[in-house]
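Structural overview
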Amino acid sequence: MVEFTTEPFELDGFPEHAKAARRAVDEAGLAVSVGPFGTSAEGDAEQALAAVTRLLRETLAAGASRISVQLSVLDGEPGGPEGGDTQ
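Notes on the structure in this doc start here. A quick note: this is a predicted structure, and the numbers were derived from the prediction, not measured.

Moving on, we get to the pattern of salt bridges. A full pass over the atoms with the stated rule returns five salt bridges. Salt-bridge contacts for Glu-7 lead to Arg-66; the nearest nitrogen and oxygen are separated by 3.8 Å. Of the two residues, Glu-7 sits in strand S1 (residues 2–7) while Arg-66 sits in strand S4 (residues 66–71), which places them 59 residues apart along the sequence. Accessibility expressed as a relative area gives 22% for Glu-7, which makes it partly exposed.

Right, here's the structure in full:
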């Protein structure tokens, strides 16, 4: 799972860097949930890593001054608590 926010925040609209972040996770095929303090997206590890790389590049290019990202391995994912290989 990936959780992220981009800044600067804009109260009067949806900034281009936020649109770029949403596009990156949508086009990666992740399941997206928008919340009041950030956006979360779930998918397999390769999808999530590819989306984060794209998200970082494209949101910075679109004017983000700060990007906060948190990655979590969910149960059953490779390398996770009940998942396969831990290397």
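So, about the sheet that holds strand S2 (residues 31–35). If you walk across this open sheet you meet the four strands as S2-S3-S1-S4, and the pairing is antiparallel. Each edge of the open sheet is held by one strand with a lone partner, namely S2 and S4. Strand-to-strand twist in this sheet, taken as the mean axis angle between neighbours without regard to direction, amounts to 20 degrees. Summarising the sheet, S1 and strand S3 (residues 38–42) pair through three bridges and their orientation is antiparallel. Residue Phe-4 lies in a different strand from S3, and its bridge partner there is Thr-39. Lying over the sheet, helix H1 (residues 16–27) contacts S1, S2 and S3, oriented at roughly 160 degrees with respect to S1. Against the sheet, helix H2 (residues 45–61) contacts S1 and S4, and its axis sits at roughly 175 degrees relative to S4.

In this section: H1. Helix length check: H1, at 12 residues, gives a terminal C-alpha distance of 16 Å against a target of 16 Å (1.5 Å per residue), a fit within 8%. Those residues of H1 that sit buried are His-17, Ala-18, Ala-20, Ala-21, Ala-24 and Val-25. Along the axis of H1, the buried positions cluster into a sector of 160 degrees, meaning they face one direction only. Here the buried face of H1 lies against S1, S2, S3 and H2. A positive phi of about 85 degrees marks Gly-29, the residue just after H1.

Here is what the cut-offs are and how they apply
- Residues numbered from 1 in each chain as written.
- Predicted model: local features only at pLDDT ≥ 70, side-chain atom pairs only at ≥ 80, totals over all residues.
- Heavy atoms only, no water.
- Salt bridge = Lys/Arg side-chain N within 4 Å of Asp/Glu carboxyl O.
- Helix = DSSP H or I, 4+ residues; strand = E, 2+ residues; numbered from the N terminus.
- Buried < 20%, exposed > 50% of the residue type's maximum accessible area, 1.4 Å probe, protein only.
- Pairing = 2+ DSSP bridges.
- Axes fitted to C-alpha atoms, helices over the stretch in contact; angles between N-to-C directions.
- Contact = heavy atoms within 4.5 Å.
- Expected span 1.5 Å × (residues − 1).
- Arc of directions from axis to C-beta.

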